[in-house]
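Geometric and topological summary
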Amino acid sequence: MLLLSLLLGRTIRAFPAPALPANGPAEVDRPLIALTFDDGPRRSTTGDLLEGLAQRGAKATFFLVGEMIPGNEDLIRRMDEEGHQIGTHSYDHVYLTGLNAADFSRQVDRTEALLRDILGHGGFLLRPPYGMIDAAVEKRTTSPLILWSIDPEDWDDKNTDRIVDHIVSQAKDGDVILLHDIYPTSVEAALRVVDELHSRGFLFVTVEELAGQRHRELTPGETFRCFYP
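All of the points below concern the structure found in this document. Since we're looking at a predicted model, the values are computed, not measured. (Residues numbered from 1 in each chain as written. Predicted model: local features only at pLDDT ≥ 70, side-chain atom pairs only at ≥ 80, totals over all residues. Heavy atoms only, no water.)

Moving on: the environment of Leu125. One can find Leu125 in strand S4 (residues 125–126). A residue is classified by how much of its surface remains accessible, and Leu125, at 4% relative accessible area, is buried. C-alpha of Leu125 to C-alpha of Pro144: the two residues are 19 residues apart in sequence and 5.6 Å apart in space. Beyond its immediate chain neighbours, meaning those up to four positions away, Leu125 contacts Thr61, Phe63, Gln85, Ile86, Gly87, Thr88, Ser143, Pro144, Ile146, Val207 and Leu218. (Helix = DSSP H or I, 4+ residues; strand = E, 2+ residues; numbered from the N terminus. Buried < 20%, exposed > 50% of the residue type's maximum accessible area, 1.4 Å probe, protein only. Contact = heavy atoms within 4.5 Å.)

Summarising burial for strand S1 (residues 32–38): seven of the seven residues are buried, a large majority. Here three bridges tie S1 to strand S7 (residues 203–205), and the two strands are oriented parallel to one another. From the neighbouring strand, Ala34 faces S7, where its bridge partner is Val205. Looking at chain direction, S1 and strand S6 (residues 176–180) are connected through five bridges and run parallel. Bridged to Leu35 within S6 is Ile177. Pairing between S1 and strand S2 (residues 61–64): three bridges, direction parallel. Bridge pairing in S2 places Phe37 opposite Phe62. (Pairing = 2+ DSSP bridges.)

Okay, structure coming up:
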């Protein structure tokens, strides 16, 4: 975190929020939001993000690219141990639409197998690259398909202030935010968003926790963009 702060020329302050109560959905009377990250993990940025989220008591969901997994096993274990949710984002970030069954398996099942070997469990959500889904993807997947309701396109100009303003101005109870943990600007933006929305009473939870709070079953093959009350 110190390295990231120095590189970005600013100090990132943490404002810890209370954890999601474990006693049941009825006890949570605060707006909830899911922060999600695609295309990682990347050691130079994901580690700083995990540190910042830990300082703030915020949970997130990470959709990992299979080819990025080797060499980053410790980061993935840390995600799991610290209560974040892990999903798949194909093996090498290709469109899943139009693939035959064998190629789909090489993209999705291969990535899931890598994660099971590292974590010792399965049950991963799937975010198709580019958000592209067709009937074949819905039929072949054994996972719920998670898209998003807020997309600041952080990959475009990599302007941290704009990204923060875009998210904060749109954030509502039940939203799913899309970011990418491979950019330092997005990491800083994410932590600033957490600080700002924490100050407004939001809690940051995983996609699974958010669905549970909204009494929505995450059904394999079904697409979810948000979980509004």
